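# Examination of the molecular architecture
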Amino acid sequence: MPKTGKNHHALKKELPSTLQRSGQEAQDTFAKTYDSAMESYNDEGRAARTAFAALKHSHEKVADHWEPKAENGPSDERAEQGGLSDKPTAGGVDANASKAHLYKLAKELDVAGRSTMGKDQLVQALRKANDAATRRASGG
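Residues numbered from 1 in each chain as written. Predicted model: local features only at pLDDT ≥ 70, side-chain atom pairs only at ≥ 80, totals over all residues. Heavy atoms only, no water.

## What about the overall build of the protein chain?
On a plain count of helices and strands, the protein chain comes out with six helices and two strands. Ordered by position in the sequence, the α and β elements of the protein chain form the string α-α-α-β-β-α-α-α. For 140 residues, the compact-globule estimate of 2.2 N^0.38 gives 14 Å, and the C-alpha radius of gyration of the protein chain, at 15 Å, lies within 12% of that figure. With the principal axes as the frame, the protein chain shows a C-alpha extent of 50 × 35 × 25 Å. The burial tally for the protein chain puts 41% of its 140 residues in the buried class. Residue pairs at least 24 apart in sequence account for 39% of intrachain contacts in the protein chain once pairs closer than 6 positions are excluded. Summed over all atoms, the accessible surface of the protein chain reaches about 8100 Å², with 48% contributed by carbon and sulfur. (Helix = DSSP H or I, 4+ residues; strand = E, 2+ residues; numbered from the N terminus. Rg over C-alpha atoms; globule rule 2.2 N^0.38 Å. Buried < 20%, exposed > 50% of the residue type's maximum accessible area, 1.4 Å probe, protein only. Contact = heavy atoms within 4.5 Å. Areas by Shrake-Rupley, 256 points an atom, 1.4 Å probe, with all protein chains shown as cover.)

## A look at helix H2 (residues 24-41)
In this model H2 runs 25 Å from its N-terminal to its C-terminal C-alpha over 18 residues, within 8% of the 26 Å that 1.5 Å per residue would give. For H2, the full list of buried residues reads Ala26, Gln27, Asp28, Phe30, Ala31, Tyr34, Asp35, Ala37 and Met38. Close packing links the buried residues of H2 with helix H1 (17-20), helix H3 (44-58), strand S1 (59-62) and strand S2 (65-68). One or two steps after H2, the chain reaches Asn42, where phi turns positive at roughly 50°. (Expected span 1.5 Å × (residues − 1).)

## Some points on the environment of Pro88
Along the chain, Pro88 falls in the loop between helix H4 (77-81) and helix H5 (99-108). For Pro88, a relative accessible area of 65% translates into the label exposed. Once the C-alpha coordinates of Pro88 and Ser22 are considered, the two residues, 66 residues apart in sequence, prove to be 24 Å apart.

## A few points about the environment of Asp43
Mapped onto the fold, Asp43 is located in the loop between H2 and H3. In terms of polar contacts, Asp43 uses its side chain to reach the backbone amide nitrogen of Gly45, at 3.0 Å. (Polar contact = N/O pair within 3.5 Å; in protein donor to acceptor, adjacent residues only side chain to side chain.)

## Remarks on the pairing of S2
For S1 and S2, the ladder comprises four bridges, and the chain directions are antiparallel. Its bridge partner lying in S2, Val62 is registered against His65. In this antiparallel pair of consecutive strands, S1 and S2, the connection spans two residues, and Ala63 shows a positive phi of 60°. (Pairing = 2+ DSSP bridges.)

## Some remarks on the pattern of salt bridges
Applying the stated rule across the entire model yields seven salt bridges. Between Arg21 and Asp64 there is a salt bridge; the shortest N-O distance is 3.1 Å. Here Arg21, found in the loop between H1 and H2, pairs with Asp64, found in the loop between S1 and S2; they are 43 residues apart in sequence, far enough to count as distant. In this structure, Asp94 and Lys69 form a salt bridge, with 3.9 Å as the shortest nitrogen-oxygen distance. (Salt bridge = Lys/Arg side-chain N within 4 Å of Asp/Glu carboxyl O.)

## With respect to the nonpolar core
Membership of the largest hydrophobic core comes to 14 residues, with the highest contact counts inside it found for Val93, Leu102, Val111, Val123 and Leu126. Among the elements that make up this core, the one with the highest residue count is helix H6 (residues 119-137) (four residues). Residues within four places of Val111 in sequence aside, it is in contact with Ala106, Met117, Ala125, Leu126 and Ala129. In this structure, Tyr34, Ala37, Met38 and Trp66 belong to the second largest nonpolar core, which totals 13 residues. (Core = buried A, V, L, I, M, F, W, Y, C linked by side-chain atoms within 4.5 Å.)

## With respect to H6
When the terminal C-alpha atoms of H6 are compared, their 27 Å separation across 19 residues agrees well with the 27 Å that a helix rising 1.5 Å per residue should span. The inward-facing, buried residues of H6 contact H1, S1 and H5. Immediately beyond the C-terminal end of H6, within one or two residues, lies Gly139, with a positive phi of roughly 80°.

Following this line, the structure appears as structure tokens:
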């Protein structure tokens, strides 16, 4: 099913819930990439992975939605390698952001123990907080 409509914007009802709660730019990035990948690969799973990879290049997951990153670029070691990789993903957290940025997000999300965490611990704590926020927002 196409993710963009006649107006070339995302069809909100066709998007994952985290994107439905995100801005138009994030929605359009995902939808346009998904549709293009479907034309190329004719594989829904591959199209979705490609669309999320493109989204993570310009946006980061914050709680239950996606927000624009200050600087475009790969979000984690897996994204830096491109293609298929056995590296774990940071789940939308911009693991390449500064520790100060990650700490600021952890403070916004009220992550306990953030003041004593290293950068990798902040990434994992943010991923866990994001997943919990998404579950709450989705009614789960």
